[in-house]
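Report on the structure
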Amino acid sequence: MGKIELLAPAGDMERLQMAVAYGADAVYLAGNTFGMRTFAGNFAPEELRRAVELCRAHRVRVHVTCNTMPRNREVDHLPEWLEYLEELGIDAVILADVGVLALAKRHAPHVQCHISTQASIVNYQAARAWHDLGAHRVILARELSLEEVREIRARTPAELEIEVFAHGAMCVSYSGRCLLSNYMTGRDSNRGACAQPCRYQYALMEEKRPGEYFPVYEENGETYIMNSRDMCMIDHVAELMDAGVDSIKLEGRAKSAYYAAIVTGAYRHAIDAAQAGVPLDPVWRDEVEHISHRHYSTGFFYGPPGQFTDDARYVRDWQIVAKVQSCDGKGNAVLTLNNKFKVGDTLELVGPGVRPQELTVEALWDGGGVPLEEVRHPQMVFRMRLPQPVPPLSLMRRKADLSP
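Attention in this report is confined to the structure presented alongside it.

Rules and cut-offs
- Residues numbered from 1 in each chain as written.
- Predicted model: local features only at pLDDT ≥ 70, side-chain atom pairs only at ≥ 80, totals over all residues.
- Heavy atoms only, no water.
- Pairing = 2+ DSSP bridges.
- Helix = DSSP H or I, 4+ residues; strand = E, 2+ residues; numbered from the N terminus.
- Contact = heavy atoms within 4.5 Å.
- Axes fitted to C-alpha atoms, helices over the stretch in contact; angles between N-to-C directions.
- Buried < 20%, exposed > 50% of the residue type's maximum accessible area, 1.4 Å probe, protein only.
- Right-handed = clockwise from strand over helix to strand, strands pointing away.
- Patch = residues over 30% accessible without salt bridge, like charges linked within 9 Å, V, L, I, M, F, W, Y side chains within 5 Å.
- Areas by Shrake-Rupley, 256 points an atom, 1.4 Å probe, with all protein chains shown as cover.
- Salt bridge = Lys/Arg side-chain N within 4 Å of Asp/Glu carboxyl O.

With that settled, the discussion passes to the sheet that holds strand S13 (residues 318-327). A sheet is described by the order of its strands in space; here eight strands give the open sequence S17-S16-S22-S13-S14-S21-S18-S19, paired in antiparallel fashion. Because the sheet does not close on itself, it has two edges, and the strands there are strand S17 (354-360) and strand S19 (371-372). Summarising the sheet, strand S16 (residues 346-351) and S17 pair through five bridges and their orientation is antiparallel. When the bridges of S17 are listed, Leu349 appears paired with Gln357. Strand contacts of helix H10 (residues 257-276): S13, S16 and strand S22 (395-399), with the helix running at about 100° to S22, the strand carrying the most contacts.

Structure representation (structure tokens):
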């Protein structure tokens, strides 16, 4: 099997640092405009420069999203933005609009053009057409089966790269082409502001009986009728590689730094195992159960995933309590606090290449070395002894049902 790229989400600088540390080959992120996730932190121009410098230092590629459908007044500002991306030397711009493609070829000629999943590419003719227009890569619609992906690969030019989503949230409509949010909340789903009304619980009200609500049921009394499952393909990375996919993408620019770290690390191990031709160690497979997620499916790769109609809750069984800033060869670590804990608590340690392991907190000290029984102030710096040396950005977590 050939090498496949692991493309991880980076909603802000902290999430970018996590994705890089935990093994991403490339990251995708956005500036303050033209990206589909306005609720991610995103990057101001100078911060984007620092992000590119960080990635360059770690040989990680940078893809910048310009995948909204810009209106007339916005198109006027695109050339300046694209020229800035060219100046920064980013690797690729992700776009969905043919006009943006034309502008990118003119104003950022050394930047690859990747066609977003927002373009809903579901056949080889569409992929070929984008290639003829100058695209270097197509990001296929999430609604394709693995066999359809395989056929697109077989019937498109070899130099055209194929990218697919492998993990994360699924849209009830074709990759964001939905107007529910626009009509119900005024937030434009195709401009990065979707309120996810497909996740709501609906009832029917008859015109002449105001205030009388009749629940809308699926079978067995379930009332969340449009509630998509999350995609999880960690058990099928080898099949994606065999189908000729060049890059697997992890959804989640609006999700937490903890999510960015754990999901990137899990798929890093899955790809490395698949390329080595060995089974994935179950401990890494289990990591995707340690992040916030809805009930999993394999997307459309092996048939329709179906909706989860019981509820719209996230499964949130774990929380991060602290992040390692530095650690010496004996395990003496300096950390910053996320959620309070105390001496005697049982926690779990995980990090870049660090196999998850349970530990009992035996002692704590403040930054000056004064003993503590508890650490409780968010972002406070403290010290403790870890069971082994670990790299910076390793995490301590604990089990705690945080589901709403």
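Having put the structure on the table, let's press on.
Burial of strand S7 (residues 161-168) is extensive: seven of the eight residues sit out of reach of the surface. Looking at chain direction, strand S6 (residues 137-139) and S7 are connected through three bridges and run parallel. From the neighbouring strand, Arg137 faces S7, where its bridge partner is Glu161. Between the parallel elements S6 and S7, the chain passes through helix H7 (residues 146-154) in a crossover that is right-handed.

A separate point is a nonpolar patch on the surface. On the surface, Leu179, Tyr183, Met184 and Tyr200 cluster together into a nonpolar patch covering about 450 Å² of accessible area. Structurally, Tyr200 is set in the loop between helix H8 (180-185) and strand S8 (203-205). Assessed through its relative accessible area of 34%, Tyr200 is described here as partly exposed.

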